[in-house]
Amino acid sequence: MVTVAEGVTLAGAALGAVGGALVALEFFQVPSYVTYEEEWDSYDVDIAPAEVTEHTNLGRVGGLLVSLGFTLLFVGELL
């Protein structure tokens, strides 16, 4: 049987691992201002500050899960 402290610690580690994987996937996203031109076999960078999105919801959720995981690990140690 798993005690409450061990359960909270394991849940924190699991959430942190999933969040870390989501943040890692975020690094492989191509920014919205970069396009690939197949005809010229090159990348084009067109920056309009009002339309730039640097982060997707995938990375935001991953960051929140990592922070929640660290919080649960800390609470598990206190219990």
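The structure under discussion appears in the preceding block.
Trainee: Mind showing me how you'd approach a negative patch on the surface here?
Mentor: Judged by side-chain charge, Glu37, Glu38, Glu39, Asp44, Asp46 and Glu51 come together as a negatively charged surface patch. Looking at the element boundaries, glutamate 39 is found in the loop between β1 (34-37) and β2 (42-45).

Trainee: Would you explain helix α2 (residues 57-78) in this entry?
Mentor: Because an α-helix completes one turn every 3.6 residues, residues spaced three or four positions apart along the sequence face the same direction. Its 22 residues give α2 an end-to-end C-alpha distance of 32 Å, which sits within 8% of 32 Å, the value for a rise of 1.5 Å per residue. Looking at α2, one finds that the buried residues are Gly59, Gly62, Leu65, Gly69 and Gly76. One side of α2 carries all its buried residues, which in axial view fall inside an arc of 120°. Those residues of α2 that are exposed and aimed more than 90 degrees away from the buried face are Asn57, Leu64, Phe70, Phe74 and Leu78. At its buried positions, α2 is contacted by α1 (4-26).

Trainee: I would appreciate a short explanation of the packing of aromatic side chains in the present structure.
Mentor: A ring pair, where both rings are aromatic, is described by two values, the distance of the centres and the angle of the planes. Scanning all chains against the criterion turns up one aromatic pair. Aromatic side chains tyrosine 36 and tyrosine 43 sit 5.0 Å apart centroid to centroid with 55° between the ring planes, which places their arrangement in the tilted category. Of the residues examined, tyrosine 36 reaches a relative accessible area of 40% and is grouped as partly exposed.

Trainee: I would appreciate a short explanation of the environment of threonine 71 in the present structure.
Mentor: If you trace the backbone, threonine 71 turns up in helix α2. You can call threonine 71 partly exposed: its relative accessible area is 44%. Separated by 58 residues in the primary sequence, threonine 71 and alanine 13 have C-alpha atoms spaced 9.9 Å apart. Within polar-contact distance, the side chain of threonine 71 engages the backbone oxygen of serine 67 at 2.8 Å.

Reading the values: rules and limits
Residues numbered from 1 in each chain as written. Predicted model: local features only at pLDDT ≥ 70, side-chain atom pairs only at ≥ 80, totals over all residues. Heavy atoms only, no water. Patch = residues over 30% accessible without salt bridge, like charges linked within 9 Å, V, L, I, M, F, W, Y side chains within 5 Å. Areas by Shrake-Rupley, 256 points an atom, 1.4 Å probe, with all protein chains shown as cover. Salt bridge = Lys/Arg side-chain N within 4 Å of Asp/Glu carboxyl O. Lys, Arg positive; Asp, Glu negative; His and termini not counted. Charge placed at Lys NZ, Arg CZ, Asp CG, Glu CD. Helix = DSSP H or I, 4+ residues; strand = E, 2+ residues; numbered from the N terminus. Expected span 1.5 Å × (residues − 1). Buried < 20%, exposed > 50% of the residue type's maximum accessible area, 1.4 Å probe, protein only. Arc of directions from axis to C-beta. Contact = heavy atoms within 4.5 Å. Phe/Tyr/Trp six-rings, centres within 6.5 Å; stacked < 30°, edge-to-face > 60°. Polar contact = N/O pair within 3.5 Å; in protein donor to acceptor, adjacent residues only side chain to side chain.

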